[in-house]
Amino acid sequence: VASGTSEHTKVVIDEGAVPIFVQLLSSPSDDVREQAVWALGNIAGDSPRCRDYVLGFNAMPPLLEQLTDMAKIGMLRNATWTLSNFCRGKPPPNFAVTRHALPTLAHLIHQGDEEILTDACWALSYLSDGDNDRIDKVIEANVSGRLVEL
């Protein structure tokens, strides 16, 4: 779902799928949650307008809940990629929303998986791209030492 063209993404949005995908992030089924993560990442990655639309349905908290030590590697990879898409784009997303990802990202950059590390580092890069307040919040998340190591 939502992996085609921008026109396909528009149809998915217009048909009301985004709030349903956000609700599915709370499904008891790992597979359903992973598919919802993937769909939301595709939608958010289409454009800043789509990203903001997804974030407007309060998708960040339930996405962050997927990024636990108990999650399977496939979920961790997909959810980190989606998180990166939530943080990406110009104009940047509302930092009041995305800054809540900083503790999770600080944890993810200690993962040994290259895909997770790459997407977590991109997300941190996106979050630090801006004014001094944004940069300060990223530094305060205690990620600098690990980023230098990488």
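This write-up is about the structure you can find in this document. (Residues numbered from 1 in each chain as written. Predicted model: local features only at pLDDT ≥ 70, side-chain atom pairs only at ≥ 80, totals over all residues. Heavy atoms only, no water.)

### A short note on the overall build of the chain
Then step 1. Within the chain one finds eleven helices and zero strands.
Then step 2. When the elements of the chain are put in sequence order from the N terminus, they spell out α-α-α-α-α-α-α-α-α-α-α.
Then step 3. Its C-alpha radius of gyration of 15 Å places the chain within 12% of the 15 Å reference for a compact globule of 150 residues.
Then step 4. In terms of overall dimensions, the chain has C-alpha extents of about 45 × 35 × 20 Å along its principal axes.
Then step 5. Restricting the contact set of the chain to residue pairs at least 6 apart, pairs at least 24 apart contribute 65%.
Then step 6. Taking the 12 positively charged and 20 negatively charged side chains of the chain as two groups, their mean positions are separated by 3 Å. (Helix = DSSP H or I, 4+ residues; strand = E, 2+ residues; numbered from the N terminus. Rg over C-alpha atoms; globule rule 2.2 N^0.38 Å. Contact = heavy atoms within 4.5 Å. Lys, Arg positive; Asp, Glu negative; His and termini not counted. Charge placed at Lys NZ, Arg CZ, Asp CG, Glu CD.)

### Focus: the environment of R33
Then step 1. With respect to the secondary-structure elements, R33 resides in helix α3 (residues 30-44).
Then step 2. Linking R33 and S6, residues 27 residues apart in sequence, is a C-alpha distance of 23 Å.
Then step 3. Not counting residues within four places of it along the chain, the set of residues in contact with R33 comprises L24, L25, S26, S27, P28, Q66 and M75.
Then step 4. A distance of 3.5 Å separates the side chain of R33 from the backbone oxygen of P28, its partner in a polar contact. (Polar contact = N/O pair within 3.5 Å; in protein donor to acceptor, adjacent residues only side chain to side chain.)

### Concerning the layout of surface pockets
Then step 1. What the largest pocket holds in volume is close to 190 Å³.
Then step 2. Lining the largest pocket are 13 residues, with D30, R33, Q66, A71 and M75 positioned closest to its centre.
Then step 3. Considered class by class, the residues forming the lining of the largest pocket number four nonpolar, three polar and six charged. (1 Å grid on protein atoms, 1.4 Å probe; cavity = no way out; pocket = protein on both sides within 12 Å on 5 of 7 lines; lining within 4 Å. Points joined across faces, edges and corners; volume = space filled by probe spheres on them. Nonpolar A, V, L, I, M, F, W, Y, C, P; charged D, E, K, R; others polar.)

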